[in-house]
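Structural characterization, general
Spelled out, the chains give:
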Amino acid sequence: MGFIRDWRRRAWLRRYPISNQSWGSTIARTPLLQMLPAADRVRLRQLATVFIQEKTWVSAAELTLTEEMQLRIAALAALPILGLDLDWYLGWDTVIVYPGEFVHPRKEVDEGGLVHQWNEVRSGESWEHGPVIFSWADVVASGRVDGYNVVIHEFAHKLDMLNGPPDGFPPLHGGMSVRRWTGDFTTAFEALNACLDEGREPPVDEYAAQDPAEFFAVLSEYFFELPHYLREVWPAIYADLCAFYRQDPLSWPGFKA
Ligand SMILES: [Zn+2]
């Protein structure tokens, strides 16, 4: 299977290359991608090219999906797997794009059997074995090197869900210590929650305190967008994420400058 997949990916690279102009304008519009070394951008472009072909793209709410949109999403999606591989995004098929935030109807039955229904507004969503969904407006707001990145956030959930429901514990590589990962993340997650309980200013977006899965996804945004800051706040988490993503954003020319 791996052989056929590799062959198909090479064929896609030949058959559906991204034009220099389209790629150039994606990089120009996405400051985060300008931080990378040139060699990494070459690999990013290959991963993005194959990712676009490998997934099914669906637009929602009358959005007209353009090549520019696909490219920006694919380029940012390729960033977390730059040190890994596209196989980390197997097991699901569809990318859905809304023009802006979308409503997710929720329903829960409580212990007394009472049905509660409400609507949640979302900028992105990732389903286990299912689609990943984006608000285009939020994709545009991602990659500005300010800590917000809905694409990295949702794809961090995808990586987290490779070994079951999202819990902030993605499949670690051989040689990585499960005990260290769990210990570091638990300590930082509890520190964030204590900070909020005591009414102090949280060091990261308080959405991260929701649960361990959101904590991992939000900290992945910081890891790529504000690496200096994350290393300063939680050096152990920064090191764990370097080991997991097999990348060190602080070594990129843009962040060294
Ligand atoms: Zn999330």
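Refer to the structure printed above.
Residues numbered from 1 in each chain as written. Predicted model: local features only at pLDDT ≥ 70, side-chain atom pairs only at ≥ 80, totals over all residues. Heavy atoms only, no water.

Quick word on the layout of surface pockets
The following threshold applies: Cavity: a set of points on a 1 Å grid over the protein atoms alone where a 1.4 Å probe fits but cannot get out. Pocket: an open set with protein on both sides within 12 Å along at least five of seven lines, its lining residues, like those of a cavity, having an atom within 4 Å of a point. Grid points are joined across faces, edges and corners, and a volume is the space filled by probe spheres set on the points. Only runs of H or I of at least four residues qualify as helices and only runs of E of at least two qualify as strands under DSSP, and these elements are numbered from the N terminus. The classification used treats Ala, Val, Leu, Ile, Met, Phe, Trp, Tyr, Cys and Pro as nonpolar, Asp, Glu, Lys and Arg as charged, and all other residues, Gly among them, as polar.
What the largest pocket holds in volume is close to 690 Å³. Lining of the largest pocket is provided by 26 residues; of these, Arg122, Gly124, His153, Tyr207 and Glu214 occupy positions nearest its centre. Mapped by element, the contributors of at least two residues to the lining of the largest pocket are strand S4 (115–122), strand S5 (124–126), helix H7 (150–160) and helix H9 (212–225). Its residues placed into classes, the lining of the largest pocket shows nine nonpolar, seven polar and ten charged. Of the voids in this model, the second largest pocket is the one considered here, and its volume is about 200 Å³. Elements with a minimum of two residues in the lining of the second largest pocket: helix H1 (2–15) and helix H4 (38–54). Residue composition of the lining of the second largest pocket, grouped by class: four nonpolar, one polar and five charged.

So, the sheet that holds strand S6 (residues 132–135)
The criterion, for reference: Two strands pair under a simple rule: DSSP has to find at least two bridges between them. Between N-to-C directions, angles span 0 to 180 degrees; the directions come from axes that are lines fitted to C-alpha atoms, helices contributing only their stretch in contact. Contacts are residue-level and defined by heavy atoms, with any inter-residue pair within 4.5 Å sufficient.
Strand order in the open sheet formed by four strands is S1-S2-S6-S5, and the pairing between neighbours is mixed. Edge strands, defined here as strands with exactly one partner in the open sheet, are strand S1 (56–59) and S5. The sheet shows a mean angle of 15 degrees between the axes of neighbouring strands, direction not considered. Across four bridges, strand S2 (residues 94–98) lies against S6 in parallel orientation. The residue of S6 that forms the bridge with valine 95 is valine 132. Seen against the sheet, H7 touches S5 and S6 and runs at an angle of roughly 165 degrees to S6.

Observations regarding the coordination of the zinc ion
Spelled out, the test is: Counted as donors are N, O and S atoms no farther than 2.8 Å from the metal, or 3.2 Å for Na, K and Ca; water is not among the atoms, and sites may therefore look incomplete. Think of it this way: with four donors and all angles in the 85 to 135 degree range, the site is tetrahedral; with four or six donors, opposite ones beyond 155 degrees and the rest between 65 and 115, it is square planar or octahedral; otherwise it is irregular. Each residue's exposure class comes from its accessible area (1.4 Å probe, protein chains only) as a fraction of the maximum for that residue type: buried when under 20%, exposed when over 50%, partly exposed otherwise.
Taken together, His153 (NE2), His157 (NE2), Glu214 (OE) and Glu214 (OE) make up the full set of protein donors to the zinc ion, lying 2.1 to 2.7 Å away. Taken together, the four donor atoms coordinating the zinc ion span angles of 53 to 143 degrees at the metal, a pattern that classifies the geometry as irregular. Mapped onto the polypeptide sequence, the residues donating to the zinc ion form the spacing pattern H-x3-H-x56-E. Highlighted residues: histidine 153 in helix H7 and glutamate 214 in helix H9, separated in sequence by 61 residues. An identical accessibility class is assigned to histidine 153 and glutamate 214; each is buried.

A short note on the packing of helix H8 (residues 178–197) against H9
This is how it is decided: Should an angle lie under 35 degrees it is considered roughly parallel, over 145 roughly antiparallel, and from 65 to 115 roughly perpendicular; all remaining angles are considered oblique.
Relative to each other, H8 and H9 sit at 95 degrees, their axes nearing to 11 Å. Considering the angle they form, H8 stands roughly perpendicular to H9. Facing Trp181, Phe185, Ala188, Phe189 and Leu192 of H8, the residues of H9 in contact are Pro212, Phe215 and Phe216. Of the residues assigned to the contact of H8 with H9, the class counts are eight nonpolar, no polar and no charged.

A word on helix H5 (residues 67–78)
How we decide: Under the convention used throughout, the expected extent of a helix is 1.5 Å for every residue step, that is, one less than its residue count.
The end-to-end C-alpha distance of H5, which contains twelve residues, comes to 16 Å, matching closely the 16 Å that a straight helix rising 1.5 Å per residue would cover. With ten of twelve residues buried, H5 is to be regarded as a mostly interior element. Every buried residue of H5 is accounted for by Met69, Gln70, Leu71, Arg72, Ile73, Ala74, Ala75, Leu76, Ala77 and Ala78.

Structural notes on the packing of aromatic side chains
Our working definition: Note on ring pairs: Phe, Tyr and Trp rings are taken, using the six-membered ring of Trp, and paired if centres are within 6.5 Å. Classes follow the plane angle, with under 30 degrees stacked, over 60 edge-to-face and the rest tilted.
According to the stated counting rule, one finds 27 aromatic pairs in the structure shown. Centre to centre, the rings of phenylalanine 224 and tyrosine 245 are 5.0 Å apart; their planes meet at 70 degrees, and the pair counts as edge-to-face. With phenylalanine 224 in helix H9 and tyrosine 245 in helix H11 (residues 235–245), this pair connects stretches of sequence that are 21 residues apart.

Looking at the pairing of S2
Successive side chains on a regular strand alternate, one facing one side of the sheet and the next facing the other. So the rule is basically this: Here is how to tell: hold the view so the strands point away, follow the path from the first strand over the helix to the second, and if it runs clockwise the crossover is right-handed.
Counting buried residues in S2 gives four out of five residues, a clear majority hidden from the surface. Pairing geometry for S1 and S2, over four bridges, is parallel. Residue pairing for S2: threonine 56 is matched across the bridge by threonine 94. Viewed along the sheet, the connection from S1 through H5 into S2 turns out left-handed.

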